[in-house]
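Examination of the molecular architecture
Spelled out from the first residue to the last, the chains are:
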Amino acid sequence: MAISTIGRWFATVLFLSPGVLLLSGCVDSPNSDQQTQAQLEQLQAANRQLQSENAVLQTQLAEQQQLSTFTIAADMLFVSGGFDITPKGRAALDDIAPKLRSLKNNKVAVYGYTDSEQVGASLKKQGIQTNLELSSRRADAVVKYLVAQGVNASTISAKGRGDSHPVGANDTAAGRAQNRRIEIVVEGPRS
């Protein structure tokens, strides 16, 4: 007894990861080559279209991620060892404020960071004993300034992190300068 095949063609499309599609198919009737070829070409065209759309979405996502964090060197925002915003710092924040004002449903967190050097005597006289306190005061100052520039006060918060998240080596002047920073992060929908 001979085994016969059924004259149907089918295809499976699997989304393995963003940008990667796997097309598999089965053709079991030698009489439907032209129909099968046309269907395969349609699937390949659909695959190309989906890959193109995925590339556009990936680009938009990358742009969104770039716009979601603003990092500003504390040395530009504040006088050394202080937490009052300088004119140069206000100018930098003035560039960011319109972007933050346009956000309607996002939370914004302003994170303050310092290097690992001890707090100086002038700050201690002002009641600031630790880097965590200094970073909190700096983050607060940025939030107050941005709110004064029209950013919705209910969407923005300040968080001091002190020297707990270094991005550079604290044993070099350049590394310490990198660690003294403010990060303004657009987080997600506010609750």
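Residues numbered from 1 in each chain as written. Predicted model: local features only at pLDDT ≥ 70, side-chain atom pairs only at ≥ 80, totals over all residues. Heavy atoms only, no water.

Evaluation of the coordinates by the stated rule reveals four salt bridges. We note a salt bridge from Asp75 to Arg180, for which the minimum N-O separation is 2.8 Å. You can see Asp75 sitting in helix H2 (residues 74–77) and its partner Arg180 sitting in the loop between helix H6 (173–179) and strand E6 (181–189), a full 105 residues away along the chain. Note that Arg180 and Asp115 form a salt bridge whose closest N and O atoms lie 2.6 Å from each other. Residue Arg180 is found in the loop between H6 and E6, and its partner Asp115 is found in the loop between strand E4 (106–113) and helix H4 (121–125); the two are separated by 65 residues along the sequence. On the accessibility criterion, Asp115 (7% relative accessible area) is buried. The structure contains a network of salt bridges with shared partners spanning Asp75, Asp115 and Arg180. (Salt bridge = Lys/Arg side-chain N within 4 Å of Asp/Glu carboxyl O. Helix = DSSP H or I, 4+ residues; strand = E, 2+ residues; numbered from the N terminus. Buried < 20%, exposed > 50% of the residue type's maximum accessible area, 1.4 Å probe, protein only.)

Moving on to helix H5 (residues 131–148). Owing to its 3.6 residues per turn, the α-helix aligns residues three or four sequence positions apart on the same side. Taking 1.5 Å of rise per residue, 18 residues should cover 26 Å, and H5 covers 26 Å from first to last C-alpha, within 8% of that figure. Along H5, the residues classified as buried are Asn131, Leu134, Ser135, Arg138, Ala139, Ala141, Val142, Val143, Tyr145 and Leu146. On its buried face, H5 is in contact with H2, helix H3 (87–101), E4, H4, strand E5 (156–160) and E6. A positive phi of about 100° marks Gly150, the residue just after H5. (Expected span 1.5 Å × (residues − 1). Contact = heavy atoms within 4.5 Å.)

We now examine the packing of aromatic side chains. One pass over the structure, following the stated rule, counts zero aromatic pairs. A cation over an aromatic ring shows up here: Arg137 above the ring of Phe83, its NZ or CZ 4.6 Å from the ring centre. Sitting over the ring of Tyr113, Arg181 keeps its end group 3.8 Å from the ring centre. (Phe/Tyr/Trp six-rings, centres within 6.5 Å; stacked < 30°, edge-to-face > 60°. Lys NZ or Arg CZ within 6 Å of the ring centre and 35° of its normal.)

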